[in-house]
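# Summary of structural features
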Amino acid sequence: MDCSELTRLFADKLVSDIRCFTDDESRTRLVMPFRRPGGDLIDVYVRQQLDGSFVVSDLGESLGFLSSMGYDPRAGTNSAYVLESLPPRYGVELGRDGVIRKHVPETELASAVQAVLETAIAVSHMLYLSRASVPTTIGDEVEALLVRVEVPFISGKTLIGESGKKFRLDFAVRGQKPNEGLEGLVKTLSAESASGRIQAVNSAFRLWSEVHSQAGMAASIVDDRYSEWAPEDIGALSKFSDVYLWGTDQDRFHDAVRRFAVGVA
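Residues numbered from 1 in each chain as written. Predicted model: local features only at pLDDT ≥ 70, side-chain atom pairs only at ≥ 80, totals over all residues. Heavy atoms only, no water.

### A short note on the packing of aromatic side chains
Within the structure shown, the criterion is met by 4 aromatic pairs. Aromatic side chains phenylalanine 153 and phenylalanine 171 sit 6.0 Å apart centroid to centroid with 75° between the ring planes, which places their arrangement in the edge-to-face category. Note that phenylalanine 153 is positioned in strand E7 (residues 153–160) and phenylalanine 171 in strand E8 (residues 166–174), a separation of 18 residues in sequence. Members of the aromatic cluster, each reached through a chain of ring pairs, are Tyr244, Trp246 and Phe253. (Phe/Tyr/Trp six-rings, centres within 6.5 Å; stacked < 30°, edge-to-face > 60°. Helix = DSSP H or I, 4+ residues; strand = E, 2+ residues; numbered from the N terminus.)

### Remarks on the environment of isoleucine 198
Note that isoleucine 198 resides in helix H6 (residues 194–211). For isoleucine 198, a relative accessible area of 47% corresponds to the partly exposed category. Between the alpha carbons of isoleucine 198 and alanine 230 there is a distance of 9.5 Å; along the sequence they are 32 residues apart. (Buried < 20%, exposed > 50% of the residue type's maximum accessible area, 1.4 Å probe, protein only.)

### Some thoughts on the layout of surface pockets
The volume enclosed by the second largest pocket comes to roughly 170 Å³. Every residue along the wall of the second largest pocket is listed here: Ile18, Leu30, Met32, Ala110, Val113, Gln114 and Leu117. Counting only elements with at least two residues in the lining of the second largest pocket, the list comes to strand E2 (27–35) and helix H4 (109–124). With 4 residues, H4 is the largest single contributor of residues to the lining of the second largest pocket. Here the residues of the lining of the second largest pocket are counted per class, giving 6 nonpolar, 1 polar and no charged. (1 Å grid on protein atoms, 1.4 Å probe; cavity = no way out; pocket = protein on both sides within 12 Å on 5 of 7 lines; lining within 4 Å. Points joined across faces, edges and corners; volume = space filled by probe spheres on them. Nonpolar A, V, L, I, M, F, W, Y, C, P; charged D, E, K, R; others polar.)

### A closer look at the sheet that holds E7
Spatially, 5 strands are ordered E7-E8-E9-E10-E11 in an open sheet, and the strand pairing comes out mixed. If you trace the sheet from one side to the other, it starts and ends with E7 and strand E11 (242–245), each paired once. With strand direction ignored, the average angle separating the axes of adjacent strands in the sheet is 35°. With 4 bridges joining them, E8 and strand E9 (residues 183–189) adopt antiparallel strand pairing. Note that in E9 the partner of valine 173 across the bridge is glycine 184. Contacting E7, E8, E9 and strand E10 (215–222), H6 crosses the sheet at an angle of about 165° to E9. Packed on one face of the sheet, helix H7 (residues 231–238) meets E9, E10 and E11 and runs near 140° to E11. (Pairing = 2+ DSSP bridges. Axes fitted to C-alpha atoms, helices over the stretch in contact; angles between N-to-C directions. Contact = heavy atoms within 4.5 Å.)

Written out as structure tokens, the structure reads:
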């Protein structure tokens with residue numbers, strides 16, 4: 001494959017993954033196929049001015065993201081220096097209001113979108129300069145939720161399946177009456193490739209088919225934030241467990257665990 005064909009294919013894929021919306025303030029929001037640490041997609045906003053020029057910005061969402069993670073890059077000498085070095089590198093402004101922006105004529109609009117996007121990515125990844133910031137696994141996040149719910153649980157529960165084979169669950173939640181004596185069993189699934197997803201689903205399906213009768217609650221937690229899981233995969237897991245997509249169902253899982261732990265149907 002020559003360079004022109006490869007470039008065309010990449011450009012087509014990139015454009016097809018961009019989503020575009022216009023809000024009530026006549027501001028256009030571009031949802032870009034690039035993510036911040038943690039998986040959120042990055043938005044770039046475009047608004048036309050009365051003189052026909054355009055302001056492209058992130059509306060302060062990049063620094064807002066860092067703030068939501070408990071990290072202020074302006075608070076430290078080294079991190080503040082890194083933050084201040086980014087705008088001139090990409091040819092944008094970083095206002096005192098925390099907004100990354102670039103004011104351009106229409107002929108430079110595409111370049112401005114790219115510049116703001118690149119700056120937003122760079123600012124967001126400053127999270128890793130924080131000593132307290134370590135990328136977490138789906139298991140870490142589920143465990144943190146169980147701690148917040150304040151339910152009794154153990155990690156790394158091992159059960160003997162119907163075939164006599166040993167199976168390891170990520171978490172087991174202890175229930176009260178009428179669930180006393182039963183445990184809420186939790187299995188997490190994550191994968192970065194199609195083959196990895198197939199392997200994860202097959203393994204979880206085998207597990208649940210052998211131990212579901214021992215579960216007061218059976219929960220499959222699927223990390224869908226970084227890869228797309230096929231409907232048939234979700235369907236297979238649903239035969240023996242309740243499936244929770246971590247990108248959208250955290251509140252539902254929170255409520256289900258709490259109800260089980262306190263014995264509410």
